Protein chains: 2
Amino acid sequence: MKAFSPAIAALIESLRILPGVGQKTAQRMAFQLLERHRDGAGKLASALNHALEVVGRCQRCRTLTEGDTCSICDNQARAAEGTVCIVESPADVLAVEQTSQYKGQYFVLMGRLSPLDGIGPADIGLDLLEKRFQDGGINEVILATNPTMEGDTTAHFIADLAARYNINATRIAHGVPVGGELEYVDHTTLGHAFSGRKSL
Amino acid sequence: MKAFSPAIAALIESLRILPGVGQKTAQRMAFQLLERHRDGAGKLASALNHALEVVGRCQRCRTLTEGDTCSICDNQARAAEGTVCIVESPADVLAVEQTSQYKGQYFVLMGRLSPLDGIGPADIGLDLLEKRFQDGGINEVILATNPTMEGDTTAHFIADLAARYNINATRIAHGVPVGGELEYVDHTTLGHAFSGRKSL
């Protein structure tokens, strides 16, 4: 099929690296960008280049940020809380921030322990985390890794690490989502909800 | 919410111009590009810039292409067929090409007549099309605009134009899609299928 010129074909191919974008969607995106949104497409290309250039990792919490440390790590009031929430990705930081309930700091693993894939403690920055434990000032580690096999393993591993420095480690609660119905909740989640029950 | 640094926020905002991409998807895309696909992201930015620079419109059929005319218009065997298929967008050219049944040339309207939105004959290049009719060598115009109110109006308008140059105008058939079931087909389509019935 030679219906595309080389530049359009290259653009379509490049768009396919976006999550959830297949051949058809990439075609629609390419045509829309070139037909109707040339200004926006130019802005997208510059925003992408600019972000690739300036965005790196926070030296304290490993999240994506410009500059050496992120705005949350720079916030002294948050440091004073003495809590560190461990999450797997920058998107998880955002999710926790949106609850407006947590006022402490974060540590972003950028992954999870997965020995089968060759991902060990150093790959998820646990050496950096241990240094923060050593430096002191932390009285609670909240483990908010995903409730998967690897996420749970990672949580247990970090809890053991925290115990060595006499830091209290807690795991976020797993149970029936608010607004969810028991009938539609899977049995593992329901099991967690029962074992984690609280007295009213 | 200050969980994003400015460069990431700008990237997320820019990604939202893509069709079907909202805030959440744009966030996921931005994080994925910056966390895992830095090479691909760089390629995407260059492919986009390159396409914006070199891709323009074919001077004969108005489709998106590099150079002055597209590969289909340059193909002499296709010109010799003497047919022009009228479609609304470059994506439609691709759809027709994938049938492998049509061997003639195209004319891409890049829209449809829509007086309420101020889109008249000149905006969809009908002056250019009329010039092709005048130049001769065309014996059939196949109207493959979408079966919407505006698409039908556009088809009728172009059929009238073709009649002035004694060119035969045909409309693609509308009816029950292959593999579709009568029960689930809307009544307008079913009406078209009945009025367009053929003897076996």
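Note that the coordinates shown come from a computational prediction; the quantities given were computed from them, not determined experimentally.

**Student:** Can you help me understand the interface of chain A and chain B in this one?
**Tutor:** Listed as interface residues are 50 residues of chain A and, on the opposing side, 51 residues of chain B. Here chain A and chain B share an interface that buries about 4700 Å² over both sides, 75% of which is from carbon and sulfur atoms. Its largest share of buried area at the contact with chain B, chain A owes to Ile17, Pro19 and Leu48 of chain A, together 13% of the area lost on that side. Where chain A touches chain B, the interface holds zero salt bridges. At the boundary of chain A and chain B, one finds eight residue pairs in polar contact (both at pLDDT 80 or more). Among the elements that take part in the side of chain A that touches chain B, helix H3 (residues 38-54) of chain A stands out by supplying 14 residues, more than any other. Partitioning the side of chain A that touches chain B into residue classes produces 31 nonpolar, 12 polar and seven charged.

**Student:** Would you mind showing me how to read the domain arrangement of chain A here?
**Tutor:** Interfaces are often sized by the amount of accessible area the parts lose when they come together. Taken domain by domain, chain A holds domain 1 (7-38) and domain 2 (81-171). Taking only C-alpha atoms into account, the centre of domain 1 of chain A sits 37 Å from that of domain 2 of chain A.

**Student:** Could you clarify how one ought to interpret the layout of surface pockets in this entry?
**Tutor:** Rolled over the atoms, a probe sized like a water molecule indicates the empty space that remains. Taken as a whole, the largest pocket holds about 560 Å³ of empty space. Around the largest pocket sit 25 residues that line it, and Glu35 and Arg36 of chain A together with Glu88, Ser89 and Ala91 of chain B are the ones nearest its centre. Secondary structure elements with two or more residues in the lining of the largest pocket: helix H2 (23-35) of chain A together with helix H6 (90-97) of chain B. With six residues, H2 of chain A is the single largest residue contributor to the lining of the largest pocket. The class makeup of the residues in the lining of the largest pocket is seven nonpolar, seven polar and 11 charged.

**Student:** What should I look at first to understand the environment of Asn166 of chain B in this one?
**Tutor:** When you line up the elements, Asn166 of chain B lands in the loop between helix H8 (149-164) and strand E6 (168-171). Considered as a pair, Asn166 of chain B and Phe133 of chain B are 33 residues apart in the sequence and their alpha carbons are 9.3 Å apart.

**Student:** Please explain H6 of chain B as it appears in this structure.
**Tutor:** Every α-helix carries 3.6 residues per turn, so stepping three or four residues along brings you back to the same face. For H6 of chain B, the tally of buried residues reaches six of eight residues, placing the bulk of the element in the interior. Inspection of H6 of chain B places Pro90, Asp92, Val93, Leu94, Val96 and Glu97 of chain B among the buried residues, and these make up the whole buried set. Along its buried surface, H6 of chain B packs onto H2 of chain A together with strand E2 (64-65), helix H4 (71-74), helix H5 (76-80), strand E3 (83-87) and strand E4 (105-108) of chain B.

**Student:** Would you mind going over the packing of aromatic side chains with me for this structure?
**Tutor:** Where two aromatic rings form a pair, the distance of their centres and the angle of their planes describe that pair. All names here are of chain A. Within the structure shown, the criterion is met by four aromatic pairs over all chains. Seen in terms of ring centroids, Phe133 and Tyr165 are 6.2 Å apart; in terms of plane orientation they differ by 55 degrees. Their pairing is tilted. Here Tyr165 lies in the loop between helix H8 (149-164) and strand E6 (168-171) and Phe133 lies in helix H7 (residues 126-135), a separation of 32 residues in the sequence. Judged by its relative accessible area of 3%, Phe133 is buried.

**Student:** Would you explain the pattern of salt bridges in this entry?
**Tutor:** For side chains bearing opposite charge, pairing can occur when the charged atoms are close. Under the definition given, this model contains eight salt bridges over all chains. With a closest N to O distance of 2.7 Å, Arg112 of chain A and Glu88 of chain A form a salt bridge. With Arg112 of chain A in the loop between strand E4 (105-108) and H7 and Glu88 of chain A in the loop between strand E3 (83-87) and helix H6 (90-97), this pair connects stretches of sequence that are 24 residues apart. Glu88 of chain A gets classed as buried once you look at its relative accessible area, which sits at 3%. The residue Asp152 of chain B makes a salt bridge to Arg171 of chain B at a minimum N-O spacing of 2.7 Å. With Asp152 of chain B in helix H8 and Arg171 of chain B in strand E6, the pair connects residues that are 19 residues apart, well separated along the chain. Given a relative accessible area of 26%, Asp152 of chain B falls into the partly exposed group.

**Student:** What is the right way to look at the sheet that holds E4 of chain A in this model?
**Tutor:** Strand pairing in a sheet relies on backbone hydrogen bonds. The paired strands run either parallel or antiparallel. Residue and element names in this part refer to chain A. Overall, parallel pairing links the four strands, which are arranged E4-E3-E5-E6 in an open sheet. For this open sheet the edge positions go to E4 and E6, each flanked by a neighbour on one side alone. Direction aside, the axes of adjacent strands within the sheet are offset by 25 degrees on average. In this sheet, strand E5 (residues 140-143) lies alongside E3 in parallel orientation, the contact comprising four bridges. Each bridged residue has a counterpart across the sheet, and for Val84 the counterpart in E5 is Val141. Contacting E3 and E4, H6 crosses the sheet at an angle of about 155 degrees to E4.

Thresholds, definitions, all that
Residues numbered from 1 in each chain as written. Chains lettered and ligands numbered in written order. Predicted model: local features only at pLDDT ≥ 70, side-chain atom pairs only at ≥ 80, totals over all residues. Heavy atoms only, no water. Contact = heavy atoms within 4.5 Å. Buried area = accessible area lost by both parts, 1.4 Å probe. Salt bridge = Lys/Arg side-chain N within 4 Å of Asp/Glu carboxyl O. Polar contact = N/O pair within 3.5 Å; in protein donor to acceptor, adjacent residues only side chain to side chain. Helix = DSSP H or I, 4+ residues; strand = E, 2+ residues; numbered from the N terminus. Nonpolar A, V, L, I, M, F, W, Y, C, P; charged D, E, K, R; others polar. Domains from an automatic or database assignment. 1 Å grid on protein atoms, 1.4 Å probe; cavity = no way out; pocket = protein on both sides within 12 Å on 5 of 7 lines; lining within 4 Å. Points joined across faces, edges and corners; volume = space filled by probe spheres on them. Buried < 20%, exposed > 50% of the residue type's maximum accessible area, 1.4 Å probe, protein only. Phe/Tyr/Trp six-rings, centres within 6.5 Å; stacked < 30°, edge-to-face > 60°. Pairing = 2+ DSSP bridges. Axes fitted to C-alpha atoms, helices over the stretch in contact; angles between N-to-C directions.

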